[in-house]
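Listed here are the chains, written in short residue letters.
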Amino acid sequence: MTRNHRMAMRNFLLAVVLIFIAFACTDGKTYYKFQPVDATGWHKDSAAVFDVDIADSIQSFDVLINVRNGGEYPYQNLWLFIKRTGPDKLVLNDTVECYIADPMGKWKGSGIGSRYEVSVLYQQNQQFGAKGIYHYEIRQGMREEKLKGLYEIGFMVKNVQK
């Protein structure tokens, strides 16, 4: 076996392993992205935007909102206004309250140092009525012009395992 042949075989095996790892680590997640919040604060008119491509209208999904905040976030909760536009252009509006700290002020979720992340179940066993792009706009619904202490807003859609 020549040196070039051994290197080609090694590269092939490495590629197979990397592909396997990539597929193994998805945990059924169809969509998982974060949008940064402006460092000066999340303005009430600014939206975190997510475009989710749904390829299966029969599959059930769990939809989660992820909040990454700092210890300086001044509240226990976070109100969010969610606007969803489906591929049929039908618009649905929703309001969600996310509890990111307990009544004693201990942050929920996980964290390192003064940064924390919490996942909030927004919709459980959601079936999307049609295939296509679902456009989500998420705005903060607190009573502040600019909300400080938030770093990123995330959006996850994952398959419900039957």
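Predicted, not measured: the structure shown is a model, and the values here were computed from it.

## Observations concerning the packing of aromatic side chains
Phase 1 of the analysis: Enumeration according to the criterion identifies ten aromatic pairs in this entry.
Phase 2 of the analysis: Note on Y73 and Y75: the rings are 5.8 Å apart at their centroids and 75° apart in plane angle, and the pair reads as edge-to-face.
Phase 3 of the analysis: For Y73, a relative accessible area of 3% gives the class buried.
Phase 4 of the analysis: Judged by its relative accessible area of 31%, Y75 is partly exposed.
Phase 5 of the analysis: Ring plane angle 55° and centroid distance 6.3 Å describe the contact between Y73 and W107, whose orientation is recorded as tilted. Of this pair, Y73 sits in the loop between β4 (61-70) and β5 (77-85) while W107 is found in the loop between β6 (91-99) and β7 (110-112), placing the two residues 34 residues apart along the sequence. Pair check on accessibility: Y73 and W107 agree, each one buried.
Phase 6 of the analysis: Ring pairing ties together the aromatic residues Y31, F50, Y136 and F155, which thus form one cluster.
Phase 7 of the analysis: We note R68 situated over the ring of F34; from NZ or CZ to the ring centre the distance is 3.5 Å.

## Some remarks on the sheet that holds β4
Phase 1 of the analysis: Spatially, five strands are ordered β1-β11-β4-β8-β7 in an open sheet, and the strand pairing comes out antiparallel. Sheet topology places β1 (29-36) and β7 at the edges, where each strand pairs with a single neighbour. On average, each strand axis in the sheet is inclined to that of its neighbour by 15°, with strand direction left out of account.
Phase 2 of the analysis: Here β4 pairs with strand β11 (residues 150-159) via nine bridges, running antiparallel. Paired with D62 across the two strands is K158, which belongs to β11.

## Focus: the side chain of N69
Phase 1 of the analysis: Relative to the helices and strands, N69 resides in strand β4.
Phase 2 of the analysis: Every residue in contact with N69, bar those within four places of it in the chain, is listed here: I100, W107, S114, R115, Y116, G149, L150 and Y151.

## Focus: the environment of D38
Phase 1 of the analysis: Mapped onto the elements, D38 comes out in the loop between β1 and β2 (42-43).
Phase 2 of the analysis: It is 8.6 Å that separates the C-alpha atoms of D38 and L150, two residues lying 112 residues apart in sequence.
Phase 3 of the analysis: Polar side-chain contacts of D38 include one of 2.6 Å to the side chain of T40.

## Description of the confidence of the model for the protein chain
Phase 1 of the analysis: Looking at the protein chain, pLDDT values average 87 and 82% of them are 70 or higher.
Phase 2 of the analysis: Considering only residues more than four positions removed or in separate chains, one finds that residues 11-26, a stretch of pLDDT under 50, has zero contacts.

## Some details on the sheet that holds strand β9 (residues 132-140)
Phase 1 of the analysis: Here four strands make up an open sheet; going across it, the order is β3-β9-β5-β6 and the pairing antiparallel. Strand pairing shows two members of the sheet lacking a second neighbour, β3 (48-54) and β6, which therefore form its edges. Averaged over all neighbouring strand pairs, the angle between strand axes comes to 25°, with direction disregarded.
Phase 2 of the analysis: Note: β5 against β6, nine bridges, orientation antiparallel. Among the inter-strand pairings, R84 is bridged to a residue of β6, identified as L92.

Thresholds, definitions, all that
- Residues numbered from 1 in each chain as written.
- Predicted model: local features only at pLDDT ≥ 70, side-chain atom pairs only at ≥ 80, totals over all residues.
- Heavy atoms only, no water.
- Phe/Tyr/Trp six-rings, centres within 6.5 Å; stacked < 30°, edge-to-face > 60°.
- Buried < 20%, exposed > 50% of the residue type's maximum accessible area, 1.4 Å probe, protein only.
- Helix = DSSP H or I, 4+ residues; strand = E, 2+ residues; numbered from the N terminus.
- Lys NZ or Arg CZ within 6 Å of the ring centre and 35° of its normal.
- Pairing = 2+ DSSP bridges.
- Axes fitted to C-alpha atoms, helices over the stretch in contact; angles between N-to-C directions.
- Contact = heavy atoms within 4.5 Å.
- Polar contact = N/O pair within 3.5 Å; in protein donor to acceptor, adjacent residues only side chain to side chain.
- pLDDT = per-residue confidence, 0-100.

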